[in-house]
Amino acid sequence: MTRRLAALALTLSGLLLVPTAALAESEKFQPVDEFLNEYWASFSIGPIEIGLSKLVVYLWIGVAVSLVLTLWLVRGGLRANPGRTQTVVELIYTFSETNIGQATLPKAAFARWFPYVASLFVFIWTLNMVSFIPLPLDTHNTLWGPIPGLTIYAATSNLSVTLTLTILTIAISHIEGVRANGLIPYFKSWVPPCPPALKPALIILEVLSQILRIVSLSVRLFANMLAGHLLIIMCIGFTILLGKLFVAPIAIPIAVAFYIFEWGLVASLQAYIFAMLSGIYIGSAIEPHH
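This one's a predicted model, so the numbers in the text were calculated from it and none came from an experiment.

Cut-off values and rules
- Residues numbered from 1 in each chain as written.
- Predicted model: local features only at pLDDT ≥ 70, side-chain atom pairs only at ≥ 80, totals over all residues.
- Heavy atoms only, no water.
- Helix = DSSP H or I, 4+ residues; strand = E, 2+ residues; numbered from the N terminus.
- Buried < 20%, exposed > 50% of the residue type's maximum accessible area, 1.4 Å probe, protein only.
- Contact = heavy atoms within 4.5 Å.
- Areas by Shrake-Rupley, 256 points an atom, 1.4 Å probe, with all protein chains shown as cover.
- Salt bridge = Lys/Arg side-chain N within 4 Å of Asp/Glu carboxyl O.
- Core = buried A, V, L, I, M, F, W, Y, C linked by side-chain atoms within 4.5 Å.
- Phe/Tyr/Trp six-rings, centres within 6.5 Å; stacked < 30°, edge-to-face > 60°.
- Patch = residues over 30% accessible without salt bridge, like charges linked within 9 Å, V, L, I, M, F, W, Y side chains within 5 Å.

(A) Up close: the overall build of the protein chain. When its secondary structure is counted, the protein chain shows 8 helices and 6 strands. When its helices and strands are written in sequence order, the protein chain yields β-β-α-β-β-α-α-α-β-β-α-α-α-α. A buried classification covers 41% of the 290 residues belonging to the protein chain. The long-range fraction of contacts in the protein chain, counting pairs at least 24 apart against all pairs at least 6 apart in sequence, stands at 70%. For the protein chain, the accessible area works out to roughly 15,900 Å², and carbon and sulfur atoms hold 72% of it.

(B) Layout of the pattern of salt bridges. Inspection of the entire model under this criterion finds 2 salt bridges. Between Glu-176 and Arg-179 there is a salt bridge, with the nearest N and O atoms lying 2.9 Å from each other. Here Arg-179 and Glu-176 lie together in helix α5 (residues 159-181), a separation of 3 residues that amounts to about one turn. One salt-bridge network, in which partners are shared between bridges, spans Arg-112, Glu-176 and Arg-179.

(C) Main features of the nonpolar core. Of all hydrophobic cores here, the largest spans 33 residues; its most connected members are Trp-113, Tyr-116, Leu-120, Ile-124, Phe-274 and Ile-282. Those residues in contact with Ile-124, other than ones at most four positions away along the chain, are Thr-156, Leu-165, Leu-221, Ala-271 and Phe-274. Judged by nonpolar contacts, the second largest core, of 15 residues, contains Phe-35, Val-57, Tyr-153 and Leu-226.

(D) Spotlight on the environment of Pro-253. By the secondary structure assignment, Pro-253 is in helix α8 (residues 248-286). A relative accessible area of 46% places Pro-253 in the partly exposed class. Linking Pro-253 and Ile-236, residues 17 residues apart in sequence, is a C-alpha distance of 10.0 Å.

(E) View of the packing of aromatic side chains. Summed over all chains, the structure comprises 10 aromatic pairs. For the ring pair Phe-110 and Phe-114, a centre distance of 4.9 Å and an interplane angle of 10° mean the geometry is stacked. Of this pair, Phe-110 and Phe-114 both sit in helix α4 (residues 107-130), 4 residues apart, roughly one helical turn. For Phe-114, a relative accessible area of 7% puts it in the buried group. An aromatic cluster is built from Tyr-93, Phe-110 and Phe-114, whose rings are joined through pairwise contacts.

(F) Just a nonpolar patch on the surface, in detail. A cluster of nonpolar side chains, contributed by Leu-159, Leu-163, Ile-167, Ile-203, Ile-204, Leu-205, Val-207, Leu-208, Ile-211, Leu-212, Val-215 and Val-219, occupies part of the molecular surface with about 990 Å² of accessible area. Residue assignment for the nonpolar patch shows that the elements contributing at least two residues are α5 and α7 (199-242). Counting residues per element, the nonpolar patch draws most heavily on α7, which supplies 9 residues. Inspection of the secondary structure assignment puts Ile-211 in helix α7. On the accessibility criterion, Ile-211 (45% relative accessible area) is partly exposed.

All we've got here are geometric facts, nothing functional implied.
The structure is reproduced here in structure tokens:
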């Protein structure tokens, strides 16, 4: 399928511009195609295909920014009279410690698993925030000459990313539950005391709830980020499909509003929810009766 997406130029302030040449084309396009993970180059190892794609680049950027920014912020150590940078870092740390770590993890497991849930929060938040910065990674369209077009893309809008993080959290919760309680007591704790006749039904419900944890945790983040970016692209796409410049004064402000809402609220909120639920699942597995 030939995809002709107009190049998007989003400034950091949230202003969204559409090239006049793109508006004149009015060719059909599929906004969902922008989220397909197409390999730029790949090789196969048996049934497994490994390659470089836009998704991989965004994941690398997320990892690099998370590590470099964290190391840069703490490079000078803590000072008795903190400056602006240390104040911001302390606020973020305090928020993570109080609202994610202490609110979800038991005291006995706090030192072990707070770094994990805090890292989840920082990594997902970084991926979400980077996704609203226009980067020249649209290989289907060029901006000027050989320069790739600008695009906004969220790695967390790919289900494989959110599902991988979810499976990691669920696996940790069960491993910690078995380690803290023992194999048989842990799985017995899934079913509360009840008449023997109700136990089979409760066991089925509990198994279903464990499966639904995987679905809800991964799909919530994936769906919210995908929907937000789709709304922004579709507002611009509406203008492109009609090929009429007079639609731009209506479509562009709506796209900007969605952009500000997603960047200012949804990106941070979804990172917080994912990290908080991860802490709850790990904490409830370690102390299943609390």
